[in-house]
Amino acid sequence: MAVLVYIQNFGGKLKKQNFEVASYASKVAESMHCPAIAVVMGTMEDSEIERLGNYGISKTLRIADKVYNTLINKLFTRVVQQVVVQENVTIVVFPDNNEGKAIAPRLSVRLNAGFVSGVVSLPLSVEPFIISKRVFSGKALAQVRINSPLKIVSLAINSFGLHEAKTPNRIVSFEPEVSLNDDSSRVVDRKMHAEGISLLDADKVVSGGRGMKGPENWKPLEELAKVMGAATACSRPVSDAGWRSHEEHVGQTGKIIAPNLYIAVGISGATQHVAGISRSKCIVAINNDADAPIFEVADYGVIGDAAQILPKLTEAFKAFKGE
Amino acid sequence: MKLLVCISNVPDTTTKVKFTDNQTKFDSIGVQWIINPWDELALTRAVDLKEESNNPVSEVLVVNVGSAETEPTLRKCLAIGADKAIRIDSDTKDAFQTAKQIAAMAQKEAFDFIICGIESGDYNSSSVGGMVAEFLDTASISSVSDIRFEGGKAIVERDADAGKEYLQVDGTAVLIVQKGFAQEPKIPNMRGIMMARQKPLEVISAVDANALTEYTGFRLPEPKAKVKMVSPDQMKELVNFLSTEAKVL
């Protein structure tokens, strides 16, 4: 018996979210008195993989062929399935992000294993297996029971945190038996982000709304994001007006994000916007309208003019970082 | 080319969510139902692809797994421009059961692409698309933000961690799409609404399928602590709060 965690390979590197899912898998394994093991697809150095041992992972199966440096949903599903069978896994943990969403549902069908996505806590009970997740875009919490012997969950990013538990992590090569030409899709081109931080797994996000009054006023917001090491985002009216790229739109139909810190500048906080940010751990709202609904969901609020507040906040962050 | 767009019928985004039966069931009294916003974007682009003459898309179907109450949503899909709607008559309990119904139907018709929105606004599972693909043993591409055709072949753009990736698809695939695939949903015009009444809405019976998961209870989140206001002149204090109180720095 074992709990298996899927470790997304970020170009040969691990990110904080990997350690979070590893921490989670270890805690689940602990409650079931079995080991927590990991699977990593594609190229990654031993020294990097070993770091998973800091979060309770005692064995990692690596499928090192560089073919696996690019996500192919069907192929990856096949490989994880074979790992599950070989290692007698009973629970598989994925991150609830693009890659988790790509593989976990397929694996559920492949293994006839009940899948609950976006879980926010450890199982409330293991037998029967009951777990909680957010539903209705964060407006409610649900308890879900998985009735199949094999179980799959995906963990909402930033919902669990890191829990150190040092264990030696043994790295083992895994040779899947798969046909590499079995897929009707293949990557023919790539366009990498020029710079900046990917919004989807950013730890901190600074976001602007209509209250920014025009695209020419974004400079202080970008400056703040740069100093904080944050990604930039915007509300829907801003992307609809073409002030910012639609890639930056967060909210319903746009990107749904769950950073540790979300700073909303000049965003009124319509339900559709909140649906995309309610999973953030901490929300700061800066708005000149004291009655804006964003203050109902924010943890910290500042009333005033963004143009004046942003540079001050940037200075405060610089001072905090000791610059 | 024939496209199938999977449609989820969900409560309007502004719905105040309530539960009944000892907090075990969603209370649908007074709820406005809409096309799941992501599915609406999927349908918008599918219809655009059909209406543009320079690509090979000729037919767009929509499917929903649900009871007769979802038919107004399917009619709206027809008004937006789908050629035909299919309702699989079943009150499914989870994504697995829903996906199995769609896959069983899709197996009988040759769809080039089956398109699903990335998430549904009710149970936020992000599961049906991938599950349909696995039931059909076909390729799936997730986080899709665009599609174009080159010499009859589809080039699909997806968001990856490090940037954009472009995949060529030879054969059928399930596309799980997000914003970018379309920017804004199409609003049906009067002609579309009139024509929707004439278009076929076929009801088919469900196949045997079990659910693997079950919702056993719901609750509303704890009321959020009141927002802590910080004066615009105290930004150092705000950063201090974020560091020591919220512990997010």
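None of these values were measured; they are calculated from a predicted model. (Residues numbered from 1 in each chain as written. Chains lettered and ligands numbered in written order. Predicted model: local features only at pLDDT ≥ 70, side-chain atom pairs only at ≥ 80, totals over all residues. Heavy atoms only, no water.)

What follows is about the overall build of chain A. For chain A, the helix and strand inventory stands at nine helices and 15 strands. For 323 residues, the compact-globule estimate of 2.2 N^0.38 gives 20 Å, and chain A sits close to it at 21 Å. Each principal axis of the C-alpha atoms in chain A carries an extent, and together these give about 60 × 45 × 40 Å. With 323 residues in all, chain A has 61% of them scored as buried. Once local pairs closer than 6 in sequence are excluded, the contacts in chain A between residues at least 24 apart make up 64%. Summing over all exposed atoms, chain A offers an accessible surface of approximately 12500 Å²; the carbon and sulfur share of this is 49%. (Helix = DSSP H or I, 4+ residues; strand = E, 2+ residues; numbered from the N terminus. Rg over C-alpha atoms; globule rule 2.2 N^0.38 Å. Buried < 20%, exposed > 50% of the residue type's maximum accessible area, 1.4 Å probe, protein only. Contact = heavy atoms within 4.5 Å. Areas by Shrake-Rupley, 256 points an atom, 1.4 Å probe, with all protein chains shown as cover.)

What follows covers the pattern of salt bridges. What the rule picks out here adds up to 40 salt bridges over all chains. Among the salt bridges present, the one from Arg62 of chain A reaches Asp46 of chain A, with a minimum N-O distance of 2.8 Å. With Arg62 of chain A in strand E3 (residues 59–63) and Asp46 of chain A in helix H2 (residues 46–50), this residue pair connects regions lying 16 residues apart in the sequence. Take Arg62 of chain A: its relative accessible area is 15%, and that puts it in the buried class. Judged by its relative accessible area of 37%, Asp46 of chain A is partly exposed. We note a salt bridge from Arg148 of chain B to Glu150 of chain B, for which the minimum N-O separation is 2.2 Å. (Salt bridge = Lys/Arg side-chain N within 4 Å of Asp/Glu carboxyl O.)

This part covers the domain arrangement of chain A. Residues and elements named next belong to chain A. Domains assigned within chain A are domain 1 (2–173) and domain 2 (199–320). Summarising the inter-unit geometry, the C-alpha centres of domain 1 and domain 2 are found 31 Å apart. Opposite the eleven residues of domain 1 that make contact, domain 2 presents ten residues. For the pair domain 1 and domain 2, the summed buried surface comes to about 810 Å²; carbon and sulfur atoms form 38% of the total. Interface area lost by domain 1 to domain 2 is led by Arg134, Ser137 and Asn158, which between them contribute 52%. Run the count over domain 1 and domain 2 and you get one salt bridge. Here Asp203 makes a salt bridge to Lys16, at a shortest N to O gap of 3.2 Å. Where domain 1 touches domain 2, the interface holds three residue pairs in polar contact (both at pLDDT 80 or more). Class assignment for the residues of the side of domain 1 that touches domain 2 results in two nonpolar, five polar and four charged. (Domains from an automatic or database assignment. Buried area = accessible area lost by both parts, 1.4 Å probe. Polar contact = N/O pair within 3.5 Å; in protein donor to acceptor, adjacent residues only side chain to side chain. Nonpolar A, V, L, I, M, F, W, Y, C, P; charged D, E, K, R; others polar.)

Let us now look at the interface of chain B and chain A. Counting residues at the interface gives 84 residues for chain B, matched by 88 residues for chain A. Here chain B packs against chain A, burying approximately 7500 Å² in sum over the two surfaces, 55% of which is carbon and sulfur. For chain B, the biggest contributors to the area lost against chain A are Glu134, Asp161 and Lys179 of chain B; these three give 9% of the whole. Inspection of the chain B/chain A interface yields 13 salt bridges. Notably, a salt bridge pairs Asp137 of chain B with Arg78 of chain A, separated by 2.6 Å at the nearest N-O pair. Remark: the boundary between chain B and chain A carries 47 residue pairs in polar contact (both at pLDDT 80 or more).

With that settled, consider the sheet that holds strand E15 (residues 228–229) of chain B. With parallel pairing, the six strands of this open sheet are ordered in space as E12(A)-E11(A)-E13(A)-E14(A)-E15(A)-E15(B). A strand with exactly one partner marks an edge of an open sheet, and here the two such strands are strand E12 (231–234) of chain A together with E15 of chain B. As paired strands, strand E13 (residues 261–265) of chain A and strand E14 (residues 282–287) of chain A are joined by five bridges and run parallel to one another. By the bridge assignment, Ala264 of chain A is partnered in E14 of chain A with Ala285 of chain A. Of the strands in this sheet, E13, E14 and strand E15 (300–303) of chain A are in contact with helix H9 (residues 306–320) of chain A, which crosses E13 of chain A at around 150°. (Pairing = 2+ DSSP bridges. Axes fitted to C-alpha atoms, helices over the stretch in contact; angles between N-to-C directions.)

This part covers the packing of helix H3 (residues 73–86) of chain A against helix H4 (residues 98–111) of chain A. All names here are of chain A. Where H3 contacts H4, the two axes come as close as 9 Å, and the packing angle between them is 55°. Looking at the two axes, H3 sits oblique to H4. For H3 against H4, the interelement crossing comes out right-handed. Across the interface between the two elements, Asn73, Lys74, Phe76, Thr77, Arg78, Val80, Gln81 and Val84 of H3 pack against Glu99, Ala102, Ile103, Arg106, Leu107, Arg110 and Leu111 of H4. When its residues are assigned to classes, the contact of H3 with H4 shows seven nonpolar, three polar and five charged. (Parallel < 35°, antiparallel > 145°, perpendicular 65-115°, else oblique. Left-handed = near helix turned anticlockwise from the far one by under 90°.)

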